[in-house]
Amino acid sequence: MNPQAKLIFTTSLLLGTTITISSNHWILAWTGLEINTLAILPLISKSHHPRAVEAATKYFLVQAAASALVLFSSMTNAWHTGQWDITQLTHPTSCLILTSAIAIKLGLVPFHFWFPEVLQGSPLTTGLLLSTAMKFPPITLLFMTSQSLNSTLLTTMAIMSTALGGWMGLNQTQTRKILAFSSISHLGWMAIIITYSPKLALLNFYLYTLMTAAVFLTMNSMKVLKLSTLMTSWTKSPALSTTLLLTLLSLAGLPPLTGFLPKWLIIQELTKQEMPLMATMISLLSLLSLFFYLRLADCSTITLPPHTTNHMKRWHVHKPVNTQIAILTTLSIMLLPISPIILTIM
């Protein structure tokens, strides 16, 4: 892709996100979401492969439908209450329509079908944007309207997302699809807590972004698109494979890694809200996704392919260390000890 075109699309992404997260008026927020959608489409379809064009078409249709619902919900609210302010969303029907619209934009169950397909058709770097940056504006809209949302509906969607995200990822061999189902599972954790503690949902999103960025960039550096390629990565880049193992375990939420912090806090908050059954259910359902993280970790470090030579490291090239991956991996592994500082900032 032409560097100038890429710069324009990336700037438009930043502009769209900034407009949405800083606006108080529904029309401005909708405009930001539309700019975002239009800016990411060329990045999805830049390879001109039929799969990429299909992914871009699916993404456009789904996001257009979700944006229309956002507009419809805000207009219904304005019709009944006379308010265009985002935080003044009080009409029950508008709240339900908005929850559905944001669920479609994020890929929450039962509106999740488009997400794994779109991610599978996109390059890894665009996949990273779709899993993190493109989810930030819809989550900020949920954050701003959290006090008036239907918590029962969100809790149901959250439990279903965690269950299906873990269950459907079990049998996958494509790394991008596994990461898509991982994203759906993590969104369940954010959705269940957004009405009770919106700041905690945002903290979960930030930490999820850190860990997912580390995984995507590591896989992009190793050119890994499926599990069979991941199995040969240890002989080529043992250091990267080791850090990938730790980042995946952190994404699974195992202590004493960073990923344990949001899960721990969410379970604690759900127990305070007298929802121990939901806390137990979502904890048990996250074991499903733990299985496929362990499978990825097993393929990257423990499974070694049969060697044709006597040397352990064939064609081992000393590549320079990627600073971004180093920083992100360190943060993905070591933030748990400073959790009291993070909680005081919140």
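Residues numbered from 1 in each chain as written. Predicted model: local features only at pLDDT ≥ 70, side-chain atom pairs only at ≥ 80, totals over all residues. Heavy atoms only, no water.

Where an unreviewed UniProt entry is consulted, the protein appears under the name NADH-ubiquinone oxidoreductase chain 2, with the organism given as Sitta carolinensis. We quote the UniProt Subcellular location (unreviewed entry) comment for the protein here in full: "Mitochondrion inner membrane". Under the UniProt heading Function (unreviewed entry), the entry covering the protein gives this text: "Core subunit of the mitochondrial membrane respiratory chain NADH dehydrogenase (Complex I) which catalyzes electron transfer from NADH through the respiratory chain, using ubiquinone as an electron acceptor. Essential for the catalytic activity and assembly of complex I." (UniProt positions renumbered as here; feature names shortened; annotations may be inferred.)

A. Broad picture of the overall build of the protein. Scanning the protein from terminus to terminus reveals 17 helices and zero strands. Against the globule reference of 20 Å for 346 residues, the protein gives a C-alpha radius of gyration of 20 Å, in line with a compact fold. Taking the principal axes of the C-alpha coordinates as reference, the protein spans close to 75 × 50 × 35 Å. The burial tally for the protein puts 52% of its 346 residues in the buried class. For the protein, long-range pairs separated by at least 24 residues make up 77% of all intrachain contacts whose partners lie at least 6 apart in sequence. Accessible surface computed for the protein: about 15,400 Å², of which carbon and sulfur atoms make up 70%. In the protein, the 18 positive side-chain charges and the 7 negative ones have mean positions that sit 17 Å from each other. (Helix = DSSP H or I, 4+ residues; strand = E, 2+ residues; numbered from the N terminus. Rg over C-alpha atoms; globule rule 2.2 N^0.38 Å. Buried < 20%, exposed > 50% of the residue type's maximum accessible area, 1.4 Å probe, protein only. Contact = heavy atoms within 4.5 Å. Areas by Shrake-Rupley, 256 points an atom, 1.4 Å probe, with all protein chains shown as cover. Lys, Arg positive; Asp, Glu negative; His and termini not counted. Charge placed at Lys NZ, Arg CZ, Asp CG, Glu CD.)

B. The arrangement of the packing of aromatic side chains in detail. Within this structure, the stated rule accounts for seven aromatic pairs. A network of ring pairs unites the aromatic residues Tyr59, Trp114 and Phe115 as a single cluster. Of note, Lys135 hangs over the ring of Phe115, and the distance from its end group to the ring centre comes to 3.7 Å. Lys263 extends its terminal NZ or CZ atom over the ring of Trp189, reaching a point 5.1 Å from the ring centre. (Phe/Tyr/Trp six-rings, centres within 6.5 Å; stacked < 30°, edge-to-face > 60°. Lys NZ or Arg CZ within 6 Å of the ring centre and 35° of its normal.)

C. Examining the packing of helix H4 (residues 92-106) against helix H7 (residues 136-144) more closely. The interhelical angle for the contact between H4 and H7, taken along N-to-C directions, is 155 degrees, at an axis separation of 9 Å. Between H4 and H7, the angle falls in the class roughly antiparallel. Helix-helix and strand crossings are classified by hand; for H4 and H7 the assignment is left-handed. Here Ile102, Lys105 and Leu106 of H4 lie close against H7, whose contacting residues are Pro138, Ile139, Leu141 and Leu142. Here the contact of H4 with H7 is built from residues that sort into six nonpolar, no polar and one charged. (Axes fitted to C-alpha atoms, helices over the stretch in contact; angles between N-to-C directions. Parallel < 35°, antiparallel > 145°, perpendicular 65-115°, else oblique. Left-handed = near helix turned anticlockwise from the far one by under 90°. Nonpolar A, V, L, I, M, F, W, Y, C, P; charged D, E, K, R; others polar.)

D. Summary view of the side chain of His186. Along the chain, His186 turns up in helix H9 (residues 175-193). At 3.1 Å, the side chain of His186 forms a polar contact with the backbone oxygen of Leu251. When neighbours within four sequence positions are excluded, His186 is seen to be in contact with Asn204, Tyr208, Leu251, Lys263 and Tyr293. (Polar contact = N/O pair within 3.5 Å; in protein donor to acceptor, adjacent residues only side chain to side chain.)

E. Representation of the UniProt feature "transmembrane region" (unreviewed entry) in the protein. Residues annotated by UniProt as "transmembrane region" (unreviewed entry) correspond here to residues 56-76, 96-115, 152-171, 178-196, 202-219, 239-257, 277-294 and 321-343. For residues 152-171, the helix share is 90%, the strand share is 0%, and the end-to-end C-alpha distance is 30 Å. Helix and strand shares over residues 239-257 are 74% and 0% respectively, and the end C-alpha atoms of the span are 18 Å apart.

F. Focus on the pattern of salt bridges. Per the counting criterion, the structure on display carries four salt bridges. Residues Glu117 and Lys177 are paired through a salt bridge, measuring 3.4 Å at the closest nitrogen-oxygen approach. With Glu117 in helix H5 (residues 114-121) and Lys177 in helix H9, this pair connects stretches of sequence that are 60 residues apart. You can call Glu117 partly exposed: its relative accessible area is 26%. Judged by relative accessible area, which is 17%, Lys177 ranks as buried. Within the structure, one salt-bridge network assembled from shared partners comprises Arg51, Glu54, Lys58, Glu117 and Lys177. (Salt bridge = Lys/Arg side-chain N within 4 Å of Asp/Glu carboxyl O.)

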